[in-house]
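Coordinate analysis (summary)
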Amino acid sequence: QVQLVESGGGLVQPGGSLTLSCAASRRLFSLYAMGWYRQVPGKQREWIASIRPSGHPEYADSMKGRFTISRDTTKTTVSLQMNSLKSEDTAVYYCNAQRGDNIIWGQGTQVTVSA
């Protein structure tokens, strides 16, 4: 059963912007903190940002300023707005939902930043 579905990945030029979306079931959306991570081959998955059911966002220090996480209660989606993208932002981006020790991952969406 697929509970998280990411979309919005693709190819973007350096300096460009992209918005990723993660569609969640209403149950997950209302009870779980939702987050975004990314991973490049050979490296550990890296936390970008999370947002609680209350709407309070948190960011990794290195992600502050260019990335914005938000949630849409009507659509039960969590979005990640990415600006001023760099080649080093190229990665597979994953949505996750977490409540205590219960963690659910999406399938990931590729983001490639290249001219």
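Cut-offs applied
Residues numbered from 1 in each chain as written. Predicted model: local features only at pLDDT ≥ 70, side-chain atom pairs only at ≥ 80, totals over all residues. Heavy atoms only, no water. Disulfide = S-S within 2.5 Å. Helix = DSSP H or I, 4+ residues; strand = E, 2+ residues; numbered from the N terminus. Buried < 20%, exposed > 50% of the residue type's maximum accessible area, 1.4 Å probe, protein only. Polar contact = N/O pair within 3.5 Å; in protein donor to acceptor, adjacent residues only side chain to side chain. Contact = heavy atoms within 4.5 Å. Core = buried A, V, L, I, M, F, W, Y, C linked by side-chain atoms within 4.5 Å. Pairing = 2+ DSSP bridges. Axes fitted to C-alpha atoms, helices over the stretch in contact; angles between N-to-C directions.

1. Some words on the state of the cysteines
- Applying the stated criterion across every chain, the model contains 1 disulfide.
- Across the disulfide from Cys-22 sits Cys-95; the S-S distance is 2.1 Å. On the sign convention where negative means left-handed, the S-S torsion of about -75 degrees between Cys-22 and Cys-95 marks this disulfide as left-handed. On the criterion of sequence distance, the pair formed by Cys-22 in strand β3 (residues 18-24) and Cys-95 in strand β9 (residues 91-99) is long-range, its members being 73 residues apart.
- When its relative accessible area of 0% is taken as the criterion, Cys-95 is described as buried.

2. Observations concerning the side chain of Arg-66
- For Arg-66, the location among the structural elements is in the loop between β6 (57-59) and β7 (67-72).
- Among the polar contacts made by the side chain of Arg-66, one reaches the side chain of Asp-89 at a distance of 2.8 Å.
- Filtering out sequence-adjacent residues up to four positions away, Arg-66 remains in contact with Gln-81, Met-82, Asn-83, Ser-84, Leu-85, Lys-86 and Asp-89.

3. Some points on the nonpolar core
- Leu-4, Met-34, Trp-36, Leu-80, Met-82 and Tyr-93 are the most contacted members of the largest nonpolar core, which totals 29 residues.
- Those elements that place two or more of their residues in this core are β3, α1 (26-31), β4 (33-39), β5 (46-51), β7, β8 (77-82), β9 and β11 (109-113).
- Residue contacts for Tyr-93: discarding those within four places in its chain leaves Glu-6, Leu-20, Trp-36, Tyr-37, Arg-38, Ile-48, Phe-67, Leu-80, Met-82, Gly-108, Thr-109 and Val-111.

4. Structural notes on the sheet that holds β3
- On the basis of which strands lie adjacent, the open sheet formed by 4 strands has the order β1-β3-β8-β7 and antiparallel pairing. The open sheet is flanked by β1 (4-7) and β7, the only strands paired with a single partner. Shown here is a sheet whose adjacent strand axes are inclined to one another by a mean of 15 degrees, direction ignored.
- The pairing of β3 with β8 spans 6 bridges and is classified as antiparallel. Along β8, the bridge assignment pairs Leu-18 with Met-82.

5. Notes on the side chain of Ser-50
- Of note, Ser-50 is situated in strand β5.
- For Ser-50, a relative accessible area of 14% gives the class buried.
- Side-chain polar atoms of Ser-50 contact the side chain of Trp-47, separated by 2.8 Å.
- Residue contacts for Ser-50: discarding those within four places in its chain leaves Met-34, Gly-35, His-56, Pro-57, Glu-58 and Ile-69.

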